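# An overview of the molecular structure
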Amino acid sequence: MGLLTNRAKVLEQKPLTFMESLYLPAILKGMAITFSHMFKKKPTISYPEEQRPFSPVFRGLHVLNRDEYGRENCTACGLCAVACPAEAITMEAAERKESEKHLYREEKYAAKYEINMLRCIFCGLCEEACPKDAIYMSETFAPSNFTRKGFIYSKDELLIPNPVDEKEKYEIAKGKREVQLKNK
Ligand code: SF4
Ligand code: SF4
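Because the structure is a prediction, the values reported are computed rather than measured.

### Description of the overall build of the protein
- Scanning the protein from N- to C-terminus turns up 7 helices and 5 strands.
- Listed N to C, the secondary structure of the protein is α-α-β-α-β-β-α-β-β-α-α-α in terms of helices and strands.
- Its C-alpha atoms give the protein a radius of gyration of 28 Å, clearly above 16 Å, the size a compact globule of 184 residues would have.
- If one aligns the C-alpha atoms of the protein with their principal axes, the spans along those axes are about 95 × 45 × 35 Å.
- Taking all 184 residues of the protein together, the buried fraction comes to 15%.

### Describing the site of ligand 1
- Around ligand 1, the surrounding shell holds 14 residues, and the nearest of these are Cys84, Cys120, Cys123, Leu125 and Cys126.
- Here the residues of the shell around ligand 1 sort into 13 nonpolar, 1 polar and no charged.

### Comments concerning the nonpolar core
- Ranked by size, the top nonpolar core spans 20 residues in total, and within it Leu64, Cys74, Cys80, Ile89, Cys126 and Ile135 carry the most contacts.
- Elements that contribute at least two residues to this core include exactly strand E1 (62-64), strand E3 (108-116) and strand E4 (135-137).
- Sequence-distant contacts of Ile135, defined by excluding residues within four places in its chain, comprise His62, Leu64, Asn65, Cys80, Cys126, Glu127 and Cys130.

### Section: the confidence of the model for the protein
- In the predicted model, the protein carries a mean pLDDT of 89, and the fraction of residues at 70 or more is 93%.
- Predicted confidence is poor over residues 179-184, with pLDDT under 50, and the contacts of this stretch with residues over four places away or in other chains come to 1 contact.

### Some words on the sheet that holds strand E2 (residues 89-95)
- Within the open sheet, the 3 strands sit side by side as E2-E3-E5. Their pairing is antiparallel. The open sheet has two free edges, formed respectively by E2 and strand E5 (152-153), since each of these has just one partner strand.
- Of the strand pairs in this sheet, E3 and E5 are connected by 2 bridges, and their pairing is antiparallel. If you follow Ile115 over to E5, its bridge partner there is Tyr153.

### Some details on helix H6 (residues 167-174)
- In terms of burial, H6 is largely open, as just 0 of its 8 residues are buried.
- The positive-phi residue at the C-terminal boundary of H6 is Gly175, with phi of around 65°.

### Things to note about the environment of Asp156
- Within the secondary structure, Asp156 is located in helix H5 (residues 155-158).
- A count of 8 C-beta atoms within 10 Å places Asp156 in the exposed class.
- Along the sequence, Asp156 and Glu114 sit 42 residues apart, while their C-alpha atoms lie 9.3 Å from each other.

### Points about helix H2 (residues 24-37)
- Compared with the 20 Å implied by 1.5 Å per residue over 14 residues, the 20 Å span of H2 between its first and last C-alpha is a close match.
- Across the 14 residues that make up H2, only a small minority, 0, are buried.

Cut-offs used in this document
Residues numbered from 1 in each chain as written. Chains lettered and ligands numbered in written order. Predicted model: local features only at pLDDT ≥ 70, side-chain atom pairs only at ≥ 80, totals over all residues. Helix = DSSP H or I, 4+ residues; strand = E, 2+ residues; numbered from the N terminus. Rg over C-alpha atoms; globule rule 2.2 N^0.38 Å. Buried ≥ 20, exposed ≤ 12 C-beta atoms within 10 Å, placed from the backbone. Near = placed C-beta within 6 Å. Nonpolar A, V, L, I, M, F, W, Y, C, P; charged D, E, K, R; others polar. Core = buried A, V, L, I, M, F, W, Y, C linked by C-beta atoms within 7 Å. Contact = placed C-beta atoms within 7 Å. pLDDT = per-residue confidence, 0-100. Pairing = 2+ DSSP bridges. Expected span 1.5 Å × (residues − 1).

In structure tokens, the structure reads:
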């Protein structure tokens, strides 16, 4: 058979020595390697009881933000949708009524806001484009789902809990990331 390169090596099959034929040294050597791993730091963790800390630049599930009075920050300007390279964001704008001033911070708000997580590449451009601090990416993963429709997140699913009525849930949803970014 012709060889394509000269890197091939012909292996000689030498007969085993007496010690090698006992297999004992090889077994002991293998056990010593196994034993030495018992004192090394474990690379695995007991998830979900134990969780690794997120990187400060981790970009997880999107959150639609509210101000300290619980009003929605989003003014439906559409800049996030324009900045999105995956065309994952859709929205419908509406005019705020006089009676809705406690619900929406600006005169316009997003009556409908959707993100298609199957399209999203978690690039963070929507967060950067937003002039109203209305959208940011949290430390949460997008949970798995069985249907494609389940990955289209509506405004209700994206909105952060109200800091006035649901203070505890709001703090959990906000996570540590916002604090870390502010301290940079
Ligand atoms: S993270 Fe990137 S891809 Fe995902 S919605 Fe925002 S801009 Fe679009
Ligand atoms: S999230 Fe920000 S950029 Fe997107 S529509 Fe709302 S205010 Fe505009």
